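Letter by letter, the chains look like this.
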Amino acid sequence: MGFFMFRAVALVALLLPSVLSSQTSPKLPNSNASYLALRGTLPAGNGVSVQHFDLKREVGLFHFKSGTFYFFAPVAGRTTGAIFVGIGSFEMAPDDPAEKHSLSLILKGDSFQRDFTTLALRFTDDTEALIRKASIGEALTTPAAISSGQELQRLFRNELLYNVEARLLQDIDGPGGFFFATFKGQGAFSKRYLYVIDPYGVYWSQPDEIALLSSGDEDYDVTVGLRLQGSKGHEAFSVKQQDIDTRIEKNGKIAAQTTTQLTITKDGVHVLPFRLHPTLRVSAVTASSGEALDFIQENKDHDSQFAVVLPKASNQGDTLSIKLSYAGSDVVENLGNGNYYPSARTSWYPSGTSSLGSYVNYHLTFTVPKGMKVVATGKQVREVTEGNTVISEWKTDVPIAVAGFNLGDFKQLSGELPDKSLKIDTFANKELPDYLQPLRNGAGMGTLNALSMQPGQLADGAAALQVYTDYFGKLPYDHVSLTQQGACTYGQAWPMLVFLPICGFFDSQQLHMLGLDRSDPGFWNEVTAHEVAHQWWGQMVGFDSYRDQWMSEGFADFSTSLFLLHARRDMKGYQNFWETERRRVLEKVANGKRAVDVGPVTMGVRLNSSAIKNDIYQRLVYGKGAYILHMLEMLYYDSQYGETPFKQALQDFCATYRNKPATTEDFKAAMEKNLPPWMDLDGNKKLDWFFDAYVYGTTVPHYTIESSLQEKNGSKVLHFKLTQSGVPDTFRMLVPLYIDLGEGKQSRLGVAHLHGNTSTEKDIPVPANVTPKRVFLNAFHDLLSD
């Protein structure tokens, strides 16, 4: 279900008292008594019958016309589930316009109502008490209820791949608040639905704390996602320091020990969730005292989340240090000939549940086969050869969003910015991976390797860094490493570490012979610039959640256009870039819908669903996200100040959110702080008029313009009429206008302020010796319009 779904969970224990200083043997996984009881509990004992009972859970309302609840057997004195059999219904109607739109798109209505005859529940809130209060009598548990409980277990373990028992364990001694309900619709509405409330964040839709999910063709769609009223964040802890010692074998298998220092951020925390790749099997978890701690880790192919049971609840402000030992495969792939592919890039070590939203100091140590080179996040402080291995050590000077590494038999080329403020290194493998070896002698391929174009990658990377530093300010790092990875068609970037596709190191002829320049020929001229831009967007300035990820990808795409504008000899690449972005956003992709109509950019990965294919996420989060920043650039521009107001706003934003995550509202506030007077359309120094339309909305205006050269009162004038249509009455826009002077020359005329569906006309005095051709729009793709 996308980026926010990729979460393997680890739950880590409280630091034991220092008096328990003796080292103890590791405990066996899955042996905690309360966990085992939760794992095995099913409906038992007497059930409770109800009639005309309503159960309100936030925006969702369950109505039980008649039937019986069969409760799961209590664990540690607490009932955590029930099966309802009878006649019931569920309904919800979210108030948020974007959520209404999502509900309508996926389930064909801006409100939701479905009937059911069986409902399965897991909970740690007061659901049991409310049901018992509504009881009209008791009934013995039936075999059908037990069978439904077993079906629920299989749903979690085999389909949802979610260890609900580990989640229930978090609340076993606390106030609770977790609620999960699932049922199947009837007849034509035979989808399975999940309604979830979790103060720690819904597993499938972090950081949403309320979610409605519906089964799609292959997975579940997050149909509605909301925050709890008064929510102050769901993280139970924050990691402060990670010391990770990793050994990588020739076959790619890794073994590691990690010491994690963290601070508890809530009271009554019983377990701590972490992200860890499911193939990494934990062998020991200990406190700083050496005391072994209970831990949970189920089958890697099922509900594989890793968890450690805390001996007692921990409270806000407590500081803990825990040590994990783990090993496994499928985290680093050996592609042959010295090429390695680190694939589990956000989960090769235990980390917090926020993706790229938590900033941590790292101390990394790698032991790899002799002849291999590790390039990692941070500054290399040591590299030595010991026998048949190479040991390298890396430390960060500032907290970073994520740690990572690349590995290979690399050749290194280096350079630096003109002011010597930033070093840039490139690393390319000396040989091709096995899967590309058969292509080496193909017709027209020439000398196929990753080394011939390495100087070009160094030059492009250096140029991009120079352009972006001018626009966004300096990075908090002293170097950036561009590394070639084994994957062919995508790039990625971590702090100080960029992963570039190996095919980006091939020349244009080789790309053509491989057919890689057909669907998106511009990609190969843009990928390095895009990934380098992530040093600012996504890394130095993080994004708070999937709702803010458009600022990472969209801003990196926008930055790419700056690279094309300033680092290329002509405007062709720049103009083609924006024309391609516009086409992807506005063309019809499925069911007669344009990508832009599917939802606002703040829906993030949820833009992709079973209802609409064609990777809407890519088109909007990248394309429209880029256009939003580009439009602000064009609107902040002034003939007197040029791009200074725009640059100042972005540099202020970067300085304010340096090494921490930002929300969409944070970005809006930064732009408003540096708002030019001509952008204050509502007289309140706010950009609501722009953000409501383009960021939180789906409006795309339509413009027509007519112009003609006329004589009036003996003077030459250029008359134009500009019409804005297809917008709500509240829509406001500043429209940049240009004069075509002929012979390829043009000049910015100014801006027209339009409100709603309206027109404006004006005469422009023209000197006698000038013969302008026309007034026109979008000389630089200034506005996203159709």
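Position numbers for residues start from 1 in each chain and track the written sequence from start to end. Confidence filtering applies because this is a predicted model: local features only for residues at pLDDT of at least 70, side-chain atom pairs given and counted only at 80 or more, and all residues used for totals across whole chains, interfaces and linings. Each side-chain value is worked out from all heavy atoms of the structure, with water and hydrogens disregarded.

Visitor: Teacher, can you tell me more about the overall build of the chain here?
Guide: Only DSSP runs of H or I with at least four residues qualify as helices, and only runs of E with at least two residues qualify as strands; both kinds are numbered from the N terminus onward. Each helix and strand counted, the chain has 14 helices and 39 strands in total. Radius of gyration here uses only the C-alpha atoms, and the compact-globule reference equals 2.2 Å multiplied by the residue count raised to the power 0.38. By the compact-globule yardstick of 28 Å for 786 residues, the chain fits well, its C-alpha radius of gyration being 29 Å. The principal-axis extents of the C-alpha atoms in the chain amount to approximately 100 × 75 × 55 Å. Exposure classes here rest on a 1.4 Å probe applied to the protein chains alone. A residue is buried below 20% of its type maximum, exposed above 50%, and partly exposed in between. By residue count, 58% of the 786 residues in the chain fall in the buried class. Contacts are residue-level and defined by heavy atoms, with any inter-residue pair within 4.5 Å sufficient. Partitioning the intrachain contacts of the chain with sequence separation of at least 6 by distance along the chain shows that 69% fall at a separation of at least 24. In this description, accessible areas are obtained by the Shrake-Rupley approach with a 1.4 Å probe, and a residue is regarded as covered only by the protein chains that are shown. Here the chain has roughly 30900 Å² of accessible surface; of this, 48% comes from carbon and sulfur atoms. In this count, Lys and Arg are taken as positive residues and Asp and Glu as negative ones, while His and the chain termini are left out. Where a charge lies is defined by one atom per residue type: Lys uses NZ, Arg uses CZ, Asp uses CG and Glu uses CD. With 74 positive and 85 negative side-chain charges, the chain shows a spacing of 1 Å between the two charge centroids.

Visitor: Explain the packing of helix α11 (residues 616-636) against helix α12 (residues 644-656) to me, please; I cannot follow it from the model alone.
Guide: Describing two packed helices takes the angle between their axes plus the distance from one axis to the other. Here an angle of 0 to 180 degrees is reported between the N-to-C directions of two axes, which are lines fitted to C-alpha atoms, with helices fitted over the stretch in contact. Where α11 meets α12, the axes come as close as 7 Å, and the angle between the chain directions of the two elements is 135°. Judged on the interaxial angle alone, α12 and α11 are oblique. Along its contact with α11, which presents Leu629, Leu632, Glu633 and Tyr636, the element α12 presents Pro645, Phe646, Ala649 and Leu650. All amino acids are sorted into three groups, where Ala, Val, Leu, Ile, Met, Phe, Trp, Tyr, Cys and Pro are nonpolar, Asp, Glu, Lys and Arg are charged, and the leftover types, Gly among them, are polar. Here the contact of α11 with α12 is composed, by residue class, of 7 nonpolar, no polar and 1 charged. Should an angle lie under 35 degrees it is considered roughly parallel, over 145 roughly antiparallel, and from 65 to 115 roughly perpendicular; all remaining angles are considered oblique.

Visitor: In this structure, what is going on with the environment of alanine 292? I would like to understand it.
Guide: Summarising the element assignment, alanine 292 is placed in the loop between β14 (281-287) and β15 (295-296). On the basis of relative accessibility, which here comes to 3%, the residue alanine 292 falls in the buried class. Note: C-alpha distance between alanine 292 and lysine 668 (376 residues apart in sequence) is 48 Å. In this view, alanine 292 contacts Thr24, Ser25, Pro26, Lys27, Val285 and Thr286; residues no more than four positions away in its chain are not counted.

Visitor: When you look at the pattern of salt bridges in this model, what are you seeing that I'm missing?
Guide: Any two side chains of opposite charge can pair, on the condition that their charged atoms come close. Here, a salt bridge means any side-chain nitrogen of Lys or Arg that lies within 4 Å of a carboxyl oxygen of Asp or Glu. Inspection of every chain in the model, using the stated rule, returns 38 salt bridges. Residue arginine 547 is joined to aspartate 208 by a salt bridge in which the shortest nitrogen-to-oxygen separation is 3.3 Å. Taken together, the residues arginine 547 in the loop between β30 (541-543) and α9 (550-567) and aspartate 208 in the loop between β8 (192-197) and β9 (210-215) connect sequence positions 339 residues apart. When salt bridges with common partners are traced through the structure, they connect Arg39, Arg157, Glu165, Glu298 and Asp303 into a single cluster.

Visitor: Would you explain the packing of aromatic side chains in this entry?
Guide: Two numbers describe a pair of aromatic rings. These are the distance of the centres and the angle of the planes. Pairing of aromatic rings covers Phe, Tyr and Trp, the last counted by its six-membered ring, and requires centre-to-centre distances within 6.5 Å; plane angles under 30 degrees mean stacked, over 60 mean edge-to-face, and any other angle means tilted. Inspection of the entire model under this criterion finds 57 aromatic pairs. The cationic tip of arginine 345 hangs over the ring face of phenylalanine 499; the distance from NZ or CZ to the ring centre is 3.9 Å. Directly above the aromatic system of phenylalanine 776 lies the positively charged group of arginine 774, at a separation of 4.3 Å from the ring centroid. In this scheme, the term charge over a ring applies when either NZ of a lysine or CZ of an arginine sits within 6 Å of the ring centre and within 35 degrees of the ring normal.

Visitor: Any chance you could explain the sheet that holds strand β23 (residues 389-395) here in plain terms?
Guide: Pairing between the strands of a sheet comes from backbone hydrogen bonds, and it takes one of two forms, parallel or antiparallel. DSSP calls a pair of strands paired once it identifies at least 2 bridges connecting them. Strand order in the open sheet formed by 7 strands is β14-β17-β12-β11-β20-β23-β22, and the pairing between neighbours is mixed. Sheet topology places β14 and β22 (379-386) at the edges, where each strand pairs with a single neighbour. Strand-to-strand twist of the sheet, defined as the mean angle between neighbouring strand axes without regard to direction, takes the value 15°. In the sheet, β22 pairs with β23 via 7 bridges, with the strands oriented antiparallel. Bridged to arginine 382 within β23 is glutamate 393.

Visitor: How should I be thinking about the environment of methionine 551 in this particular structure?
Guide: Here methionine 551 shows up in helix α9. The exposure class assigned to methionine 551 is buried, which follows from its relative accessible area of 4%. The sequence separation of methionine 551 and serine 452 amounts to 99 residues, and the corresponding C-alpha distance is 34 Å. Apart from residues lying up to four places away in sequence, methionine 551 is in contact with Trp537, Phe653, Ala662, Thr663, Thr664 and Phe667.

Visitor: Which parts of the structure should I look at to understand the nonpolar core?
Guide: Taken as a class, soluble globular proteins show a tendency for nonpolar side chains to be buried jointly. Working definition of a nonpolar core: buried Ala, Val, Leu, Ile, Met, Phe, Trp, Tyr and Cys residues. They are joined through side-chain atoms within 4.5 Å. Counting 206 residues, the largest nonpolar core has Phe667 and Phe690 as its most contacted members. For this core, the leading source of residues is α11, giving 13 residues. Non-local contacts of phenylalanine 690, meaning those with residues more than four positions away in its chain, are made with Ile628, Met631, Leu632, Leu635, Val695 and Met733. Core analysis: the next-biggest nonpolar cluster, separate from the first, contains 30 residues, Phe156, Leu160, Ile172 and Phe178 among them.

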